[in-house]
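Per-entry structural report
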Amino acid sequence: QKEVEQNSGPLSVPEGAIASLNCTYSDRGSQSFFWYRQYSGKSPELIMFIYSNGDKEDGRFTAQLNKASQYVSLLIRDSQPSDSATYLCAVNRAGGSYIPTFGRGTSLIVHP
Amino acid sequence: ETGVTQTPRHLVMGMTNKKSLKCEQHLGHNAMYWYKQSAKKPLELMFVYSLEERVENNSVPSRFSPECPNSSHLFLHLHTLQPEDSALYLCASSQGRAGGRDEQFFGPGTRLTVL
């Protein structure tokens, strides 16, 4: 059973702080990793993807991947109240599969 | 229209009704997905179509019946549903790129309530 685990939270951080969201996965064959943001009552939207070990930065967002330890994380710098949402981690396996496994999501609350 | 659209956005139906959800993608993608999202539960993958062929069916009850007439359209036909089927039904599409480098684009969802 391929699993993607996330702490459901809520993770509460003050405005301006760094929010750190973590995700672990069980399938060592996983090759592609995605972070989606879902506002309450809305559908998920892609914010980051990462395929190689290390860090990938996009504006205030940084995705970190460590395949040896089987975890992927998302850092949000200078957190804003508008970042309050549920963040979903998704993992794709290699070998021709493009069907993702989603984690439960972590609820993030950024308070002023 | 751009992206992925879904209709209706809200649906209330009785347990004996028959209704259909519609999804259309304007992205030129090859793969389309139905997900169910219930409160406090993770996204549940229901069906996947690639180039109009069903490639995944996650043990979904037969009261849900998908149809993919072409690569741009996906339907979910509903009949004799149960109250526990009330949820947000999300459609998504992707390129269907081999090797997993394949991000998904979601529609706005249909909020279904079964009375």
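Cut-offs and rules
Residues numbered from 1 in each chain as written. Chains lettered and ligands numbered in written order. Predicted model: local features only at pLDDT ≥ 70, side-chain atom pairs only at ≥ 80, totals over all residues. Heavy atoms only, no water. Core = buried A, V, L, I, M, F, W, Y, C linked by side-chain atoms within 4.5 Å. Buried < 20%, exposed > 50% of the residue type's maximum accessible area, 1.4 Å probe, protein only. Helix = DSSP H or I, 4+ residues; strand = E, 2+ residues; numbered from the N terminus. Contact = heavy atoms within 4.5 Å. Buried area = accessible area lost by both parts, 1.4 Å probe. Salt bridge = Lys/Arg side-chain N within 4 Å of Asp/Glu carboxyl O. Nonpolar A, V, L, I, M, F, W, Y, C, P; charged D, E, K, R; others polar. pLDDT = per-residue confidence, 0-100. Pairing = 2+ DSSP bridges.

**With respect to the nonpolar core**
Membership of the largest hydrophobic core comes to 24 residues, with the highest contact counts inside it found for A:Trp35, A:Val72, A:Leu74, A:Ile76 and A:Tyr87. Among the secondary structure elements, those contributing two or more residues to this core are β3 (19-25), β4 (30-38), β5 (45-50), β7 (61-66), β8 (71-76), β9 (85-93) and β11 (106-111) of chain A. By size, the runner-up hydrophobic cluster in this structure holds 22 residues, among which are B:Met13, B:Met46, B:Ala87 and B:Cys91.

**Looking at the interface of chain B and chain A**
Of the residues lining the interface, 27 residues belong to chain B; the matching set on chain A comes to 24 residues. For the pairing of chain B and chain A, the buried interface totals around 1800 Å² over both sides, and the portion due to carbon and sulfur atoms is 58%. One can count zero salt bridges joining chain B with chain A. At four residues, strand β4 (residues 31-37) of chain B tops the list of elements feeding residues into the side of chain B that touches chain A. Across the side of chain B that touches chain A, the residue classes tally to 13 nonpolar, seven polar and seven charged.

**Details of the confidence of the model for chain A**
Any segment with low pLDDT has predicted coordinates that should not be analysed in fine detail. In the predicted model, chain A carries a mean pLDDT of 92, and 95% of its residues have values of at least 70. For chain A, the element scoring lowest by mean pLDDT is strand β10 (residues 101-102) of chain A, at 90; β7(A) scores highest, at 98.

**Some points on the pairing of β4(B)**
Regular strands have side chains that alternate between both faces of the sheet. Residue and element names in this part refer to chain B. For β4, the buried fraction is high: seven of the seven residues fall into the buried class. Burial of β4 is two-sided: the residues Ala31, Tyr33, Tyr35 and Gln37 facing one way and the residues Met32, Trp34 and Lys36 facing the other way are all buried. In the sheet, β4 pairs with strand β5 (residues 44-50) via six bridges, with the strands oriented antiparallel. Across the sheet, the residue bridging to Trp34 is Phe47, located in β5. What sits between β4 and β5 in their antiparallel hairpin is a turn of six residues, with Lys40 showing a positive phi close to 65 degrees. Of the pairings in the sheet, the one linking β4 to strand β9 (residues 87-94) comprises seven bridges and is antiparallel in character. Note that in β9 the partner of Gln37 across the bridge is Leu88.

**Details of the pairing of β5(A)**
All names here are of chain A. Pairing of β4 with β5, which is carried by five bridges, proceeds in the antiparallel orientation. What sits directly across from Tyr36, in β5, is Leu46. Between the antiparallel neighbours β4 and β5 lie six residues, among them Gly41 with a positive phi of about 80 degrees.

**Points about the sheet that holds β3(A)**
Residue and element names in this part refer to chain A. The five strands lie next to each other as β1-β3-β8-β7-β6, forming an open sheet whose pairing is antiparallel. Each edge of the open sheet carries a strand with a single partner, namely β1 (4-5) and β6 (54-58). Sheet analysis places β7 next to β8, joined by six bridges and oriented antiparallel. Counted as the bridge partner of Phe61 is Ile76 from β8.

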